[in-house]
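# What the coordinates show
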Amino acid sequence: MTMDELLNEVVPQEDLERFEKKYHHELELDGEVTTETKFEYAFCLVRSRYTNDIRKGIMILEELARTHPDGRRDYIYYLAFGNARIKEYTSGLKYCRAFLDIESNDQVRSLEQYIQKQSDLEVAKGMAVAGGAALVLGGILGLGIAMARK
């Protein structure tokens, strides 16, 4: 499976609903959610088709990475993954590099290369749009000047 396919794969809605229900059930029952349930729910959220779900998953994973060093490696990978899905390339690269500081991993290196490539494409698109806007503005100014001379 290519990185593009992996990043575009969406969690089945029933999986998301099941883990969301489990998360809220634990929260209502004990006022506390287990680390495992938080991770399962966040894992589903970052694979959702909805940007708000992905952002919510990222927030849960950030909290887990801060408070539970045991699973930090997995949390950091899915933080990179989630950020790449919502085109937050700078954050995605930051998490890839943090993971690679912990250990070498081909899948994370592949994700890092993918994010860097997408980031470079976004910059190139931005420059093309800015260049096009400058040409249009220059044309309008030139036309205005030509009309003002008449």
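You'll find the structure just up there.
Residues numbered from 1 in each chain as written. Predicted model: local features only at pLDDT ≥ 70, side-chain atom pairs only at ≥ 80, totals over all residues. Heavy atoms only, no water.

### Here's the deal with the side chain of glutamate 26
Relative to the assigned elements, glutamate 26 resides in helix H2 (residues 13-30). Each residue touching glutamate 26, except ones within four places of it in the same chain, is listed here: Gly31, Glu32, Val33, Thr34 and Thr37. (Helix = DSSP H or I, 4+ residues; strand = E, 2+ residues; numbered from the N terminus. Contact = heavy atoms within 4.5 Å.)

### Focus: the packing of aromatic side chains
Applying the stated rule across the entire model yields 8 aromatic pairs. With a centroid separation of 4.7 Å and an interplanar angle of 35°, the aromatic rings of tyrosine 23 and tyrosine 41 are classed as tilted. In this pair, tyrosine 23 sits in helix H2 while tyrosine 41 sits in helix H3 (residues 35-45), placing the two residues 18 residues apart along the sequence. Overall, the relative accessible area of 15% leaves tyrosine 23 in the buried class. (Phe/Tyr/Trp six-rings, centres within 6.5 Å; stacked < 30°, edge-to-face > 60°. Buried < 20%, exposed > 50% of the residue type's maximum accessible area, 1.4 Å probe, protein only.)

### Some thoughts on the nonpolar core
Ranked by internal contacts, the top residues of the largest apolar core, which has 38 residues, are Leu7, Tyr41, Leu61, Tyr77, Phe81, Leu111 and Ile115. When residues no more than four places from it in sequence are discounted, the contact partners of leucine 111 are Met3, Leu7, Tyr77, Ala80, Phe81, Ala84 and Cys96. (Core = buried A, V, L, I, M, F, W, Y, C linked by side-chain atoms within 4.5 Å.)

### Looking at helix H4 (residues 51-67)
An ideal rise of 1.5 Å per residue puts 24 Å on 17 residues; H4 measures up with 24 Å between its terminal C-alpha atoms. The complete set of buried residues in H4 reads Asp53, Ile54, Gly57, Ile58, Ile60, Leu61, Leu64 and Ala65. Buried positions along H4 lie against H2, H3 and helix H5 (72-85). (Expected span 1.5 Å × (residues − 1).)

### What to know about the pattern of salt bridges
Think of it this way: side chains of opposite charge can pair up when their charged atoms draw near. Applying the stated criterion to the full structure yields 7 salt bridges. One salt bridge connects arginine 18 with aspartate 15, and the closest N-O pair in it is separated by 2.9 Å. One end of the pair, arginine 18, and the other, aspartate 15, are both in helix H2, 3 residues apart, so they sit about a helical turn from each other. Residue classification places arginine 18 among the partly exposed residues on the basis of a relative accessible area of 47%. The salt bridge involving glutamate 88 is made with arginine 55; its shortest N-O contact spans 3.9 Å. Here arginine 55 lies in helix H4 and glutamate 88 lies in the loop between H5 and helix H6 (89-102), a separation of 33 residues in the sequence. Judged by its relative accessible area of 32%, glutamate 88 is partly exposed. (Salt bridge = Lys/Arg side-chain N within 4 Å of Asp/Glu carboxyl O.)

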